[in-house]
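Examining the three-dimensional arrangement
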Amino acid sequence: MPDRYAVFGNPIGHSKSPLIHAAFARQTGQDIVYEARLAALDGFTQAAITFAVEGGRGANVTVPFKEEAFRLATQLSERAAKAEAVNTLTFKGDEILGDNTDGAGLVRDIRDNLHFEPAGKRILLMGAGGAARGVIQPLLEAKPAALMVVNRTEEKAHLLRDFFNGIKTGGYADLQGRQFDLVINATSSGLSDQLPPLPDTVFSDGALAYDMMYGRETPFMRFAREHGTTVADGLGMLVEQAAEAFFIWRGVRPQTAPVIAQFRAA
Ligand code: NDP
């Protein structure tokens, strides 16, 4: 019997995770089954426990259950504890191990696939929701010259200072007169076809603009392109965070480049 894994979310129909993990399993010769499971909005904890009792070995967790998964875990990695959000669960006997691979996936995509070294760079992170929280610690570990986090609701950005030493926080108005080498959009503004209010001068020469969204060109991507900036979407992050979860579960690191290329072509 192959080991079983799943991704839980609501909605979950469009999740690419089953296809990504199937590609990893084929490539590495691992005998696993990975399926998408819809959990009711008030039913994630029960669904995850049922899956574990049925013999499930691990699960990925996506919107809107990452905070609930954080509370469900009996042991947390340091990065998940900092993020207060979990996207990877491992079921081991009575223990539920919680990790968060989003930030590692982002940093790996930026470094290995986009060949952009964040060390010593000025980084701007837009957003203060789950996605932003998940990537702050791994970005700090990459030793940027500065990491500034801005949010539409400014207060939510300021609250992050209690969790992460060394970040600057503010609102979009505070960006006047500042330039950044890497600008990351961790807001959901693209979903409503909106552009966060960025000043025209925000990008340094040679800057990289990274949008965590994928599958469509967002107003942020267009804005960055119009300002002559290199632009990346979040597909690489999606595949890299999955590879990190696969590694946690299976102890084998799949090659991500062919999988990213396959999804880009599709
Ligand atoms: P949340 O709902 O937790 O947070 C949304 C954030 O976006 C908040 O900071 C919110 O600000 C901000 N926001 C929403 N609309 C606007 C707007 N029009 N202008 C400025 N700011 C806005 O979402 P998540 O953090 O979970 O997800 C954010 C995005 O990241 C999603 O699009 C998701 O698809 C993507 N993502 C991609 C991943 C990948 O692997 N590529 C992994 C995880 C997430 P406020 O607080 O003021 O409401």
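Residues numbered from 1 in each chain as written. Predicted model: local features only at pLDDT ≥ 70, side-chain atom pairs only at ≥ 80, totals over all residues. Heavy atoms only, no water.

1. Looking at the overall build of the protein
Scanning the protein for helices and strands turns up ten helices and twelve strands. Relative to the compact-globule value of 18 Å for 266 residues, the protein shows a C-alpha radius of gyration of 18 Å, a close match. If you line up the protein on its principal axes, its C-alpha atoms span 60 × 40 × 35 Å. Classification of the 266 residues of the protein by burial places 53% in the buried group. Restricting the contact set of the protein to residue pairs at least 6 apart, pairs at least 24 apart contribute 63%. On the protein, roughly 12200 Å² of surface is accessible, and the fraction owed to carbon and sulfur atoms is 50%. Of the side-chain charges in the protein, 27 are positive and 31 negative, and the distance between the mean point of each set is 2 Å. (Helix = DSSP H or I, 4+ residues; strand = E, 2+ residues; numbered from the N terminus. Rg over C-alpha atoms; globule rule 2.2 N^0.38 Å. Buried < 20%, exposed > 50% of the residue type's maximum accessible area, 1.4 Å probe, protein only. Contact = heavy atoms within 4.5 Å. Areas by Shrake-Rupley, 256 points an atom, 1.4 Å probe, with all protein chains shown as cover. Lys, Arg positive; Asp, Glu negative; His and termini not counted. Charge placed at Lys NZ, Arg CZ, Asp CG, Glu CD.)

2. Describing the domain arrangement of the protein
As far as domains go, the protein holds domain 1 (3-100 + 237-265) and domain 2 (103-233). Between the C-alpha centres of domain 1 and domain 2 there is a distance of 25 Å. Each partner contributes residues to the interface: domain 1 has 16 residues there, and domain 2 has 18 residues. For domain 1, the biggest contributors to the area lost against domain 2 are K82, M237 and E240; these three give 43% of the whole. Our count for the contact surface shared by domain 1 and domain 2 stands at two salt bridges. The salt bridge involving E84 is made with R133; its shortest N-O contact spans 3.7 Å. Looking at the side of domain 1 that touches domain 2, the elements with two or more residues in it are α4 (78-83), α9 (235-250) and α10 (257-265). (Domains from an automatic or database assignment. Buried area = accessible area lost by both parts, 1.4 Å probe. Salt bridge = Lys/Arg side-chain N within 4 Å of Asp/Glu carboxyl O.)

3. With respect to the side chain of D181
Note on placement: D181 falls in strand β10 (residues 180-185). A distance of 2.8 Å separates the side chain of D181 from the side chain of S204, its partner in a polar contact. If near-sequence neighbours (up to four positions away) are discounted, D181 is found in contact with F116, K121, R122, S204, A207 and L208. (Polar contact = N/O pair within 3.5 Å; in protein donor to acceptor, adjacent residues only side chain to side chain.)

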